[in-house]
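# Structural features, examined
So you can see what is in the structure, the chains are spelled out below.
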Amino acid sequence: MDHNPVPAVPATGTVDWEALKAAAVAAMKNAYAPYSRFPVGAAALTADGRIVSGCNVENASYGLTLCAECALVGNLQMTGGGLLRAFYCVDAGGNILMPCGRCRQLLYEFRDPGMELMTTHGIKTMDQVLPDAFGPQHLEEPR
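Keep in mind the model is a prediction, meaning the values are calculated, not measured. (Residues numbered from 1 in each chain as written. Predicted model: local features only at pLDDT ≥ 70, side-chain atom pairs only at ≥ 80, totals over all residues. Heavy atoms only, no water.)

Bringing the overall build of the protein into the picture now. Looking only at helices and strands, one finds four helices and five strands in the protein. For the protein, the sequential pattern of α-helices and β-strands runs α-β-β-α-β-α-β-β-α. Against the globule reference of 15 Å for 143 residues, the protein gives a C-alpha radius of gyration of 15 Å, in line with a compact fold. For the protein, the spread of C-alpha atoms along the three principal axes comes to 50 × 40 × 30 Å. Across the protein, contacts joining residues at least 24 apart in sequence account for 59% of those joining residues at least 6 apart. With the model as given, the accessible surface of the protein reaches about 7,800 Å², and the carbon-plus-sulfur share is 56%. For the protein, the distance from the average position of its 10 positive side-chain charges to the average position of its 14 negative side-chain charges is 4 Å. (Helix = DSSP H or I, 4+ residues; strand = E, 2+ residues; numbered from the N terminus. Rg over C-alpha atoms; globule rule 2.2 N^0.38 Å. Contact = heavy atoms within 4.5 Å. Areas by Shrake-Rupley, 256 points an atom, 1.4 Å probe, with all protein chains shown as cover. Lys, Arg positive; Asp, Glu negative; His and termini not counted. Charge placed at Lys NZ, Arg CZ, Asp CG, Glu CD.)

Once that is clear, we can look at the packing of aromatic side chains. The description of an aromatic ring pair rests on the distance of the ring centres and on the angle between the ring planes. The tally for this structure, following the rule as stated, stands at two aromatic pairs. Relative to Tyr88, the ring of Trp17 has its centre 6.4 Å away and its plane inclined at 45°; by these criteria the two rings are tilted. Placement of the pair is Trp17 in helix 1 (residues 17-28) and Tyr88 in strand 3 (residues 84-90), with a sequence separation of 71 residues. Of the residues examined, Trp17 reaches a relative accessible area of 13% and is grouped as buried. (Phe/Tyr/Trp six-rings, centres within 6.5 Å; stacked < 30°, edge-to-face > 60°. Buried < 20%, exposed > 50% of the residue type's maximum accessible area, 1.4 Å probe, protein only.)

Our focus in this paragraph is the nonpolar core. One broad trend across soluble globular proteins is that nonpolar side chains are buried collectively. Among the nonpolar cores identified, the biggest contains 21 residues, and Leu72, Leu84, Phe87, Leu107, Met115, Leu117 and Met126 are the most heavily contacted of them. At the level of elements, strand 1 (41-46), helix 2 (68-78), strand 3, helix 3 (101-109), strand 4 (111-119) and helix 4 (126-129) are the ones that each hand at least two residues to this core. Per-element accounting of this core gives the leading share, four residues, to helix 2. Sequence-distant contacts of Met115, that is, excluding residues within four places in its chain, are made with Leu84, Arg85, Ala86, Phe87, Leu107, Lys124, Thr125 and Met126. Of all hydrophobic cores here, the second largest spans 13 residues; its members include Trp17, Met28, Leu45 and Ala86. (Core = buried A, V, L, I, M, F, W, Y, C linked by side-chain atoms within 4.5 Å.)

Taken in spatial order, the five strands of this open sheet run 2-1-3-4-5, and their pairing is mixed. Of all the strands in the sheet, the pair left with one neighbour each is strand 2 (51-55) and strand 5 (122-125). The mean angle between the axes of side-by-side strands here comes to 20°, regardless of whether they run parallel or antiparallel. Across three bridges, strand 3 lies against strand 4 in parallel orientation. Paired with Ala86 across the two strands is Glu116, which belongs to strand 4. In the packing of helix 1 onto the sheet, contacts are made with strand 1, strand 2, strand 3, strand 4 and strand 5, and the angle to strand 3 comes to roughly 55°. Its contacts with the sheet place helix 3 against strand 3 and strand 4, and it is angled at close to 145° to strand 4. (Pairing = 2+ DSSP bridges. Axes fitted to C-alpha atoms, helices over the stretch in contact; angles between N-to-C directions.)

In short, shape yes, function no, at least from these values alone.
So, in structure tokens, the structure goes:
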């Protein structure tokens, strides 16, 4: 889950999806998945240009298992916080994985407006993969 120095924002300002995939694959190699044997790695580009990553960490008490997305958000906070601009998640074969509903909600909390995700159907926005999401704006006091 170390900070990856590979630039993910070329001079054009577009997301370098290959750099994100490489960071996700590198993170996946650190996964602890002795029970499912399904290692997962995730990487995201922050609004300030950093890449943060995470891997799944299983536990014999299955409910305590941490998803790669959870580790990624922890890494985000540990390395200065910020908002996520782009996201990529892979399995052991480097195949694209979609975050589950719980993890989509977690990513939503830390998204930059217009956040994009690489999906099994191409690049989509967070609003497309989690429409009508509940977020911090719903906890504000009514005026």
